[in-house]
Amino acid sequence: MNSVCKVKNFSLSFVQDKKEYAAVRDVNMEIAPGEIVALIGESGCGKSVTALSMIGLQPENARVSGSIRFGDEELLTLNDREWSFYRGDRISMIFQEPMTALNPLIKVGKQIQENVLLHQKVTGEAAVKQVLEVLKQVGLPDVERIYQSYPHQLSGGQRQRIMIAMAFVNNPDLLIADEPTTALDVTIQAQIMDLMKKMNRERQTAVLLISHDLGVIRDLCSRVYIMYAGRVVESGPVEYVLKEPVHPYTRGLAAAIPSAGRRGRELESIPGTVEPLQRRSKKGCPFAGRCFGAQSLCHEETPHSYSYRGRDVYCHLSPAEIEKRSAERKADHE
Ligand SMILES: Nc1ncnc2c1ncn2[C@@H]1O[C@H](COP(=O)(O)OP(=O)(O)O)[C@@H](O)[C@H]1O
Ligand code: SF4
Ligand SMILES: [Mg+2]
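What you are looking at is a predicted structure, and each value in this text was computed from that prediction instead of being measured.

Draft legend 1. The arrangement of the sheet that holds strand S1 (residues 5–16) in detail. Strand order in the open sheet formed by 4 strands is S2-S1-S4-S5, with antiparallel pairing between adjacent strands. The sheet terminates laterally at strand S2 (19–31) and strand S5 (73–74), the two strands that pair on one side only. Pairing geometry for S1 and S2, over 9 bridges, is antiparallel. Bridging across to S2, Leu 12 finds its partner in Val 24.

Following this line, the structure appears as structure tokens:
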């Protein structure tokens, strides 16, 4: 695949009280130019820390290994000065809560203009023009007034549009959107997702979308990565993985996705919750404690990925064995 970003054997652990805890393990992921790819999984599975590592914003106590390539560049070894060239220019990020990324003391138009001036060789006047143009493109009304507004003078939906304007203004090759609409009401969520789709189409920006909304993912994304306890457990084209999930975790997730984002909540179809890092076993399959298919091998040995009908599955069992166990479990419950 011709990729804009390629994550290879990426692992991340946190150092706490001189101990190291693995949050992400051996993740492989690829995004093609102009493609929208989804990353899903319950809270605590390592989606955000993976995404943050792709823009060099992983927490201070994180240790990373493996590789994240962006074109010919290795991102994991960039220093702060080198990051200032990529971040906000070739790679941008939209967060769940725009207030964390906006400066409350500076007018929003000025903040976007500063981002333009930092990365493009244009005059202040030309930058203002670009900002007004991008504010129109993200569907904001009365853009001159919006330009002069402070973040607190805008609604949550408007602030998220500002974030999108800021993220797209320098025409990045890659946009990372980490649950960009979770804090908004349903109607606004749909508008923001339509906007992301429009910006992706018009500017051919590749997008990594972290979301719990299967409807949105089916509508927007070509491929999906399913993450559980730091591992990618299934990946492939959306129409295969979400329509006919193979991995036991994907099966449960697909059946219960509306509540999947709530931290600590049990999914209806999967008993238990994601273990905190400190309690995760180092050996065996990370899903063994909750899996209907688990057998003694699953608690002892780490599975390998295999390919099956256009997707990669990380499990000790074959698709036929998983199906058999799933059918047996259903029969037991009836
Ligand atoms: N700075 C940190 N120090 C220690 N553990 C952390 C830190 N940041 C996140 N974690 C832990 O790493 C795991 C993955 O977190 P995160 O990537 O935020 O998950 P997700 O986005 O999938 O909900 C979680 O168990 C979380 O508690
Ligand atoms: S390896 Fe075992 S525990 Fe893990 S998903 Fe497969 S069947 Fe379940
Ligand atoms: Mg997260």
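Draft legend 2. Structural detail: the environment of Arg 145. Relative to the helices and strands, Arg 145 is located in helix H5 (residues 143–147). Take Arg 145: its relative accessible area is 43%, and that puts it in the partly exposed class. Separated by 36 residues in the primary sequence, Arg 145 and Gly 109 have C-alpha atoms spaced 9.3 Å apart.

Draft legend 3. Representation of unusual backbone geometry. Of note, the phi angle at Lys 18 is positive, near 65°, even though the residue is not glycine. Looking at the secondary structure, you find Lys 18 in the loop between S1 and S2. The class of Lys 18 is exposed, set by a relative accessible area of 85%. With a phi angle near 50°, Asn 171 is a residue other than glycine that sits in the positive phi range. A residue is classified by how much of its surface remains accessible, and Asn 171, at 44% relative accessible area, is partly exposed.

Draft legend 4. Region of interest: the site of ligand 2. Of all residues adjacent to ligand 2, which total 13 residues, the nearest are Cys 285, Cys 291, Cys 298, Cys 315 and His 316. Residues that form the shell around ligand 2 fall into these classes: 10 nonpolar, 3 polar and no charged.

Draft legend 5. Layout of the environment of Leu 132. Here Leu 132 shows up in helix H4 (residues 124–137). You can call Leu 132 buried: its relative accessible area is 16%.

Draft legend 6. Fine view of the packing of helix H3 (residues 108–119) against H4. Following both chains from N to C, one finds H3 and H4 inclined at 120°, their axes separated by 9 Å at the closest point. Between H3 and H4, the angle is such that the two are oblique. Every pair of crossing elements has a handedness; the one defined by H3 and H4 is right-handed. The residues of H4 that touch H3, namely those facing Gly 109, Ile 112, Gln 113, Val 116 and Leu 117, are Gly 124, Ala 127, Val 128, Gln 130, Val 131 and Leu 135.

Draft legend 7. View of the site of ligand 1. Ligand 1 sits among 14 residues. The nearest are Gly 44, Gly 46, Lys 47, Ser 48 and Val 49. Between an oxygen atom of ligand 1 and a main-chain N or O atom of Gly 44, the distance comes to 2.7 Å. Ranked by residue count, the leading element in the shell around ligand 1 is helix H1 (residues 47–53), at 3 residues. Class assignment for the residues of the shell around ligand 1 results in 6 nonpolar, 6 polar and 2 charged.

Draft legend 8. Molecular detail of the state of the cysteines. Using the criterion set out here, one finds 0 disulfides in the structure. For Cys 5, which is in no disulfide, the shortest distance to another cysteine sulfur is to Cys 221 and amounts to 16 Å. Look at Cys 5 and you get buried, because its relative accessible area is 1%.

Thresholds applied
- Residues numbered from 1 in each chain as written.
- Chains lettered and ligands numbered in written order.
- Predicted model: local features only at pLDDT ≥ 70, side-chain atom pairs only at ≥ 80, totals over all residues.
- Heavy atoms only, no water.
- Pairing = 2+ DSSP bridges.
- Helix = DSSP H or I, 4+ residues; strand = E, 2+ residues; numbered from the N terminus.
- Buried < 20%, exposed > 50% of the residue type's maximum accessible area, 1.4 Å probe, protein only.
- Near = heavy atom within 4 Å.
- Nonpolar A, V, L, I, M, F, W, Y, C, P; charged D, E, K, R; others polar.
- Axes fitted to C-alpha atoms, helices over the stretch in contact; angles between N-to-C directions.
- Parallel < 35°, antiparallel > 145°, perpendicular 65-115°, else oblique.
- Left-handed = near helix turned anticlockwise from the far one by under 90°.
- Contact = heavy atoms within 4.5 Å.
- Polar contact = N/O pair within 3.5 Å; in protein donor to acceptor, adjacent residues only side chain to side chain.
- Disulfide = S-S within 2.5 Å.

Taken by themselves, the reported measurements are silent on function.
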